[in-house]
Amino acid sequence: MAASLLVVGKFTDRTSPRLLVISGLALTTIGALVCTQLGADTNVVLLGAALLVSGGGIGLVMVPAMAGAIRDMPGSVIPRASTANRIIMQIGSSFGAAVLILVAQTRMDHLIETKQITPDSLAGAYGTTFWWVIGFVVVSVLLALLLPARKPSQQQQTAGEASAIPSL
């Protein structure tokens, strides 16, 4: 995710935020789909690759989503909008993590109650949790459709570059 965050910043100002976010969500889905098939004998290289792809997808979503959400706002409201955007993202990610932990714990509690604890059943509990990740991705794609589909205009890019240069 960290590597994709470094790379995606270069593309955010040159292309459609919607395209980048949906591409990132597609990568996240690919990684999550691999994780839905977890078993005791899952190849760790495959699992590592899936996590790498998924993390890259998440990184590809973050910057363009934040930039696209505030891109066309007047300069006077950007500080408040940026703060609100960040708060919403923080609350949303905390909520998502809590839901995923609850799903995994509920599945594991069921395995304990039914005395069906095996390496495959535990891996399956995590696999079930990743179906919820895919559900969150579907909701995120619907929200991503609200982002601008066009790349920033030349005038916006020039204004953004000018505001990034400190005045003397």
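Residues numbered from 1 in each chain as written. Predicted model: local features only at pLDDT ≥ 70, side-chain atom pairs only at ≥ 80, totals over all residues. Heavy atoms only, no water.

Caption draft 1: Highlighting the packing of helix α1 (residues 2–12) against helix α3 (residues 44–70). The N-to-C vectors of α1 and α3 enclose an angle of 40 degrees; their axes lie 8 Å apart at closest approach. Compared by their axis directions, α1 and α3 come out oblique. Once α1 is placed against α3, the crossing between them reads as right-handed. In this structure, α1 contributes Ser4, Leu5, Val8, Gly9 and Thr12 to the contact, and α3 contributes Gly55, Gly56, Gly59, Leu60, Met62, Val63, Pro64 and Ala67. (Axes fitted to C-alpha atoms, helices over the stretch in contact; angles between N-to-C directions. Helix = DSSP H or I, 4+ residues; strand = E, 2+ residues; numbered from the N terminus. Parallel < 35°, antiparallel > 145°, perpendicular 65-115°, else oblique. Left-handed = near helix turned anticlockwise from the far one by under 90°. Contact = heavy atoms within 4.5 Å.)

Caption draft 2: Geometry of the environment of Thr118. Considering the arrangement of structural elements, one finds Thr118 in the loop between α4 (78–113) and α5 (119–144). Distance from Thr118 to Ala40, taken between C-alpha atoms, is 8.6 Å for residues 78 residues apart in sequence.

Caption draft 3: Quick look at α3. With 27 residues, α3 ought to run about 39 Å at 1.5 Å a step, and its terminal C-alpha atoms sit 40 Å apart, in line with that. The set of residues buried in α3 consists of Ala50, Ser54, Gly55, Gly56, Gly57, Gly59, Leu60, Val61, Pro64, Ala65, Gly68 and Ile70. Contact partners of the buried residues in α3: α1, α2 (17–35) and α4. The N-capping residue of α3, defined by a side-chain oxygen 2.6 Å from the backbone nitrogen of Val45, is Asn43. (Expected span 1.5 Å × (residues − 1). Buried < 20%, exposed > 50% of the residue type's maximum accessible area, 1.4 Å probe, protein only. Polar contact = N/O pair within 3.5 Å; in protein donor to acceptor, adjacent residues only side chain to side chain.)

Caption draft 4: Seen up close, unusual backbone geometry. One non-glycine residue, Lys115, lies in positive phi territory at about 55 degrees. In this fold, Lys115 is placed in the loop between α4 and α5. The exposure class of Lys115 is exposed, given its relative accessible area of 75%.

Caption draft 5: Examining the nonpolar core more closely. Formed by Val21, Leu25, Val61, Ala65, Val137, Ala144 and Leu147, the largest nonpolar core amounts to seven residues. Where this core is concerned, the elements lending two or more residues are α2, α3 and α5. For Val21, the contacting residues outside a window of four places in its chain are Val61, Pro64, Ala65, Ala144 and Leu147. (Core = buried A, V, L, I, M, F, W, Y, C linked by side-chain atoms within 4.5 Å.)

Caption draft 6: Here's a closer look at a nonpolar patch on the surface. Side chains of Leu6, Val7 and Phe11 sit close together on the surface and give an oily, nonpolar patch of about 320 Å² of accessible area. Following the sequence through the fold, Leu6 ends up in helix α1. Residue Leu6 is classed as exposed on the basis of its relative accessible area of 67%. (Patch = residues over 30% accessible without salt bridge, like charges linked within 9 Å, V, L, I, M, F, W, Y side chains within 5 Å. Areas by Shrake-Rupley, 256 points an atom, 1.4 Å probe, with all protein chains shown as cover. Salt bridge = Lys/Arg side-chain N within 4 Å of Asp/Glu carboxyl O.)

Caption draft 7: Structural detail: the confidence of the model for the chain. Of all residues in the chain, 90% have pLDDT values of 70 or greater, and the mean over the chain is 85. The secondary structure element of the chain with the lowest average pLDDT is helix α6 (residues 154–164), at 46, and the one with the highest is α2, at 93. Predicted confidence is poor over residues 161–168, with pLDDT under 50, and the contacts of this stretch with residues over four places away or in other chains come to zero contacts. (pLDDT = per-residue confidence, 0-100.)

Caption draft 8: Examining the side chain of Asn85 more closely. Residue placement: Asn85 occurs in helix α4. Each residue touching Asn85, except ones within four places of it in the same chain, is listed here: Ala65, Met66, Ala69 and Ile70.

Caption draft 9: Spotlight on the environment of Ser121. Here Ser121 lies in helix α5. Note: C-alpha distance between Ser121 and Ala40 (81 residues apart in sequence) is 8.3 Å. Excluding its chain neighbours within four sequence positions, the residues that come into contact with Ser121 are Leu111 and Gln116. Within polar-contact distance, the side chain of Ser121 engages the backbone nitrogen of Thr118 at 2.8 Å.

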